[in-house]
Amino acid sequence: MFDEIMEKFEGSPSQQAVIRLLLERGFSVNDEGRVVSGGIEIPNTGIAREIDVDRRVVDSTTDVILEDAELRRIFQNISQVPSLMDLAPVLDLTVLSIAVSDPEQKGVVATVTGTLADSDISIRQTISEDPEFTDEPRLYIVTDEDLPGKAITKLRNLEFVRKIEIQ
């Protein structure tokens, strides 16, 4: 799906940057062509500054979104999910990041969370990046406690695990 969305903007790298930002941040586009997070409007100048494009690029991108039925459906229904990952150091939480060899493989989340449950680790949040929207999707697990060495070893030994990082 990500590739199909980006193809609609293949002639404009600047518009692709706007699309990427909207998807990464979970920003929607309302009927007036304004970028919003919930009911809060995000100024186009702020978006433009963030990705180093002209404000008019944001305007033209939202115009294209509203004119295309498929894009309109996607960008009027996307939403943001609050993440505990950035708060982890403040709240004394542990963030486990797992990169897998095949992000399309079934059962990755179930196997990882099951392995942690078997090690008596309580999970506060899981976030899995969609392989359609990112080049190297990861599974993030936020826990209340440090992970014991045995649990990390079990996770590393899973056939689909390519890389583990703990923050």
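Check the entry above for the structure.
Sequence order as written defines the numbering, with residues in each chain counted from 1. Predicted model: local features are reported for residues with pLDDT of at least 70 only, side-chain atom pairs are reported and counted for 80 or more only, and whole-chain, interface and lining totals are derived from all residues. Working from all heavy atoms in the structure, the side-chain values ignore hydrogens and water.

Caption draft 1: Region of interest: the overall build of the protein chain. Looking only at helices and strands, the protein chain features 8 helices and 7 strands. Here the C-alpha coordinates of the protein chain stretch approximately 55 × 30 × 25 Å along the principal axes. The rule is simple: take the accessible area with a 1.4 Å probe, protein chains only, and divide by the maximum for that residue type; under 20% is buried, over 50% is exposed, in between is partly exposed. When each of the 167 residues of the protein chain is scored for burial, the buried share is 40%. Sequence separation of at least 24 residues holds for 65% of the intrachain contacts in the protein chain that already meet a minimum separation of 6. Secondary structure is summarised from DSSP: a helix means a run of H or I of at least four residues, a strand means a run of E of at least two, and numbering begins at the N terminus for each. By the convention used here, residues are in contact when the closest approach between their heavy atoms is within 4.5 Å.

Caption draft 2: A look at the sheet that holds strand S5 (residues 123-128). The sheet built from 4 strands is open, its strands ordered S5-S6-S4-S7 with antiparallel pairing. Where the open sheet ends on each side, the last strands, each with one partner, are S5 and strand S7 (161-166). The sheet shows a mean angle of 15° between the axes of neighbouring strands, direction not considered. Pairing between two strands requires that DSSP report at least two bridges joining them. Two elements, S5 and strand S6 (residues 138-143), share 5 bridges in a ladder whose sense is antiparallel. Residue Ser 128 lies in a different strand from S6, and its bridge partner there is Leu 139. Convention adopted: a line fitted to C-alpha atoms gives each axis, helices being fitted over their contacting stretch, and angles between N-to-C directions are expressed from 0 to 180 degrees. The sheet contacts of helix H7 (residues 108-118) involve strand S4 (94-100), S5 and S6, and relative to S6 the element is tilted by about 30°. Across the sheet, helix H8 (residues 149-156) is in contact with S4 and S7; its angle to S7 comes to roughly 150°.

Caption draft 3: Molecular detail of helix H3 (residues 44-51). Of all the residues in H3, the buried ones are Asn 44, Ile 47 and Ala 48. The arc enclosing the buried residues of H3, seen along the axis, measures out at 100°, which places them on a common side. Contact partners of the buried residues in H3: helix H2 (13-25), strand S2 (35-37) and helix H4 (55-67). Downstream of H3 by a residue or two, Asp 52 has a phi angle that is positive, lying close to 60°. Note that the arc is defined by the directions from the helix axis to the C-beta atoms.

Caption draft 4: Seen up close, the side chain of Arg 138. With respect to the helices, strands and loops of the structure, Arg 138 is situated in strand S6. Side-chain atoms alone can form a polar contact between residues adjacent in sequence; in general such a contact is a pair of N or O atoms within 3.5 Å, and within protein one must be able to donate a hydrogen while the other accepts it. A polar side-chain atom of Arg 138 sits 2.8 Å from a polar atom in the side chain of Ser 97. Dropping the residues within four chain positions of it, Arg 138 is found in contact with Ser 97, Ile 98, Ala 99, Ile 127, Ser 128, Glu 129, Lys 163 and Glu 165.

Caption draft 5: A look at the sheet that holds S2. Ordered in space as S1-S2-S3, the 3 strands form an open sheet in which the pairing is antiparallel. Looking at which strands have only one partner, the edges of the open sheet turn out to be strand S1 (28-29) and strand S3 (40-41). Looking at chain direction, S2 and S3 are connected through 2 bridges and run antiparallel. Looking at the pairing, Val 36 lines up with Glu 41 of S3.

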